[in-house]
Each structure stands twice: as structure tokens, then as C-alpha cells.
Amino acid sequence: MAPEQLRAAIAGHLADLGAPDNIKLERPRNPEHGDWALNAFPLAKGADRSGPELATALADRLNAAPPAHLLKAEVIGGFVNLRLDDGWLHDVLRAVVEEGTDGYARPELGHGKRINVEFVSANPTGPLHAGHGRWAAYGDSVARLLARCGYEPHTEFYVNDRGVQLERFGLSLAARANAASPPDDGYHGAYVSDWASEMPDDADPTEWGRAKALAYQRDTLAAMGVSFETWTSERELVASGAVEAALADLRQRGGVYEADGAVWLRTSEHGDDKDRVLIRSDGEPTYFLPDIAYHRDKLARADHLINILGSDHHGYINRMRAAIEILGFRRDALEVIIGQNVTLLRDGVGVKLSKRSGDIIELMADVLDEVGPDATRFTYLQQSIDTRLMFDLDIVVQRTMDNPVFYVQMAHARLAGIARNAHAKGVERRPLAEVDLGLLAHQRELDILALLNDLPDVVREATQRRAPNKVVTWLRDLAAAVHGFHHDCWVIADDVPPELSQARLWLVEAARIGMVIALDLVGVSAPEQM
């Protein structure tokens, strides 16, 4: 974020020039062009000037009365390039330290808006496989970002415990308990035999299996640091009368009609490609009706819904938005994020992920046991959710700098190590107001401060775009800057002046604060030692 004094000066000059003050300062791709740049072309339309004319007029005004830290404003075409002294970055250090982990990089976006975040929502028919881990890490990180930006997120897991899949799971358990093969359309994974051997003789296989699967899923998620505030059972939702209430509401609003012995919803009038059946001609509801009831229930508890779903759910979006619009809610109250799947690699070979098949599968619990929760979460969050993720176990398990999470955590450990070393040598940080930050002029130092300056904007963008991978990228960049600083800039040494040591100790503390903030947003720990 550019210095506020610079923004205020630009806004005032633009107003005088008759241009809108919706300023968008960006970092130039080429550092030789300065610290910040302003594109005057979009602003010139409201000022009855060309882009270059407005850029020149603005630059002349800024150079005539430079705001704090501005060295020079230069015009290239319709762009104003702004060169600042290093003092603006020293102000960033002060802001980071003064605001700390609780206050820095906390842009106010939500103003208390309630957002329900539903993710994972696996069937209670077995353990979570490694693919579910991506949804768990992603959904939890999105909720963390929302909370940091002033929203009130509520995390929820929908338990699909009603229907044919659960019945087939129960039949599969019963078959294995009697040393028989499961039905062809049942569950053939090795875990079915393992669980069947634990099942009491007098247990109802379906009910016992449901409870076993849910407990196992909860434990696996907890091992990755993921918990849900609400677990909603479809079966309990139906038993509560919520489905009948939703259907009555749809009827009252004129959204339902009958044809061919079935009950239909007029979704085609609300953006869907066709109307959808709610109740079949045999009197049985489709899956769509309980799902509508569930969304109606969630919208009574939140202002906005985020559903995180797999790549096979594209057709679901328009029909559900149509349904909630018929119920009187805004279409955009439902936000659906469609993610791509995970390819888990071991020895360069992809591992199959299927609870129902008899093939070798890789369970989420196994991945956590092998590489740990930090490496698991960090790896799942490295790429945008809309791209297929290649999760290479051979790399993630390594404790080397080739492993991205090790690389980042080692940077934090080095920061902590510098502070410990200073304390061991009897060097303590003096109050910040007594330290000359102007001594921080090495490029390695300025690189760290520039990245710390970017963190609030990174958090804002990651939240608005639902993109935790932006935070992971920032962490990797900061880690690289910290490792470079650690190599080139000694903090405590005989040839380092005490005043410079003090400034660098505060730089180390600021970098540590930024790294802790970002690591927490992706749910990864900040170790003191590696």
C-alpha cells in the first residue's frame, strides 16, 4: 500500500484538475521506473484531457510541492512514475511493529457480514481420501481470511446421511462381517473389511457405519487443524419438517407446478436451462428438494453462502440460485466455488482416490501421518483452487530447501534464531523510537520491507478472490527475502555497528510479525527452530 500522504496529495491534485479521485497506484514491473505508478488514462476521461496531458499536469503539481517521501514524479506516456526515498519503507516497519500480529494487515471489508462457508461435506461412507484434504485446507483458509477482514464466517459440514449410498455402505459392511463380498454397487475398499471386523455382532451396519465414518472424518480433519462449527445431518433436516416447510414456501411464492404426476420447480424462469423435478411421480423427493431446504435453512442464519464443491458440480449452480431466488433471496447470496481435483504422486506415479473401488487408495489420514499437517496444508494451498493440483509426496516429505513449506518455516526459524542469538549475547532491542531506521538501506533490507508493505493488499485480494494461494505466494517471496538477508546482512557481529544491529533487530521482528500473520491465515505453524 502506498503512503497515505502520497495518496492524499494525488487525490487533492486530481480534484483540482477535474479528474476523479479513484486512485489506483501500482508497483511498476520494472523497479527502475520507480516505486509506484499511476495510469492517468482512465482518470483523464472525466477531466476533459488526454492521458498524457493529465499525467504531465499531475506530475508538475507533485514535483512543485512534494508530499512526504516523494523524490520525483516522472511521466512516461500517460503514466506517472513516482520515486520515493527509503523513509516510506521505514514507516512500514513502524506500522507493522506498532500494530502487531493482531492489527497489521487487517483490512476492514466485511463489517460484520455473516458468511456461511460449507466445505468437504463428504458422504459418511468411509474415510476422507487425500482429495478431500484440498477442500478442507482451502475452506478453512478462506474462513480465516474472512475473519481477518471483518466478516463473521461460520464453517459448516453437510452430512449426506440419507439415501442409497449409505444403504449400500451398510450392506457392504454386513457382507464383509459375514466373510462375503459386498454388492457389485457397494463399497469394496480395504477399510470396509477393517471396519467390519470391529463392528459388534448386534449392531445395525448402516447406523454403526455412519457413526464410525463420521468419527473417523472428524478425527482426520482435527489432525489437520480443521474444525466445523456446525455439522448438519440431512436425515435430521428432513425429520425436522424443513423439507415440507421449504416446499410450502415455494408453493406460496408460485414457483411450483404439477405435470406428468410429478412436482416441478420453475427454475427455467430464473436462469436455469430447464425446470427441475422436486417430487417424482412415485411420490419420492429428488435430492434437489432437501438441498433447497438446507440452503433455505442456511440463509436464515447467514447473509451470504459460500459452497465449495468439486469439478462435477457445474450444473448445480444455476438450479440452486434459481431456487433461492424463488424463495425470495438474492441470486448472488449463493457463491459457488468449483475446484479441481488432486493428483497425488508417489515415485512419479499417480495414486487413485476412490472409497468405493478395491484399488489402492491414499487416505487423507495417511498423507497427514506421512508428511504432517503443515506440509499437507501448505501444499494443498500453493495453487489456485480452479487448477488441478499435483501433490508430490516425494518432495513434500523432504526436510530440505527444495520443499516449499520447509523453506518458508526455516525462514521463520532463522528470524527467531537471530533474536535468540542477540539475547544470548546480551543485546536487547531498544525502544523503537530510539532506533535510527534510516540505517536500513541495504537492498536485502528494503526487499523485506517492500513485501511487508504488500501484505495488507495481499490479504485483501486473497479474501476478495477467495484465493489463499496468494498468501502462500507472498510467504514464499518473503522467505526468499529473509534467506537473502540472513546470508548478506549480519545482525550481531564485531564489524556491525551497534546502531545498525538495533535497526536490523527491529527489521527481524517486523518480518517475524508478517510471517506469523500469513502462516496463520493458511493454518501453518511458525516454528522457532527446525
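Note that the structure is predicted; figures quoted are calculated from it, not measured.

**Q** Hey, could you go over the sheet that holds strand 10 (residues 276-279) for me, with residue numbers and the actual values?
**A** Strands sit in the order 8-9-10 across an open sheet of 3 strands; the sheet is antiparallel. Whereas interior strands pair on both sides, the edge strands pair on one side only; in this sheet they are strand 8 (256-259) and strand 10. Within the sheet, the average angular offset between the axes of one strand and its neighbour, ignoring direction, is 45°. Taken strand by strand, helix 10 (residues 242-252) contacts strand 8, strand 9 (262-265) and strand 10, and its axis lies near 95° from that of strand 8.

**Q** Go over the packing of aromatic side chains, please, and point to the residues and values.
**A** Under the defined criterion, the tally for this structure stands at 15 aromatic pairs. Centre to centre, the rings of phenylalanine 119 and phenylalanine 228 are 4.5 Å apart; their planes meet at 40°, and the pair counts as tilted. Of this pair, phenylalanine 119 sits in the loop between strand 5 (114-118) and helix 5 (130-148) while phenylalanine 228 is found in the loop between helix 8 (205-223) and strand 7 (230-233), placing the two residues 109 residues apart along the sequence. Comparing phenylalanine 119 with phenylalanine 228 shows no difference in burial state: the two are buried. Measuring from centroid to centroid gives 4.3 Å for phenylalanine 157 and tryptophan 231, while their planes differ by 20°, and the two rings are stacked. Highlighted residues: phenylalanine 157 in strand 6 (residues 152-159) and tryptophan 231 in strand 7, separated in sequence by 74 residues. Following the ring pairs from residue to residue traces out a cluster consisting of Phe169, Tyr187, Tyr191, Trp195 and Tyr216. In this structure, arginine 218 packs its charged tip against the face of tryptophan 231, placed 4.0 Å from the ring centre. Just above the ring of tryptophan 506 sits the side chain of arginine 429; from NZ or CZ to the centre is 4.5 Å.

How each quantity is defined
- Residues numbered from 1 in each chain as written.
- Predicted model: local features only at pLDDT ≥ 70, side-chain atom pairs only at ≥ 80, totals over all residues.
- Heavy atoms only, no water.
- Pairing = 2+ DSSP bridges.
- Helix = DSSP H or I, 4+ residues; strand = E, 2+ residues; numbered from the N terminus.
- Axes fitted to C-alpha atoms, helices over the stretch in contact; angles between N-to-C directions.
- Contact = heavy atoms within 4.5 Å.
- Phe/Tyr/Trp six-rings, centres within 6.5 Å; stacked < 30°, edge-to-face > 60°.
- Buried < 20%, exposed > 50% of the residue type's maximum accessible area, 1.4 Å probe, protein only.
- Lys NZ or Arg CZ within 6 Å of the ring centre and 35° of its normal.

On their own, these measurements won't tell you what the molecule is for.
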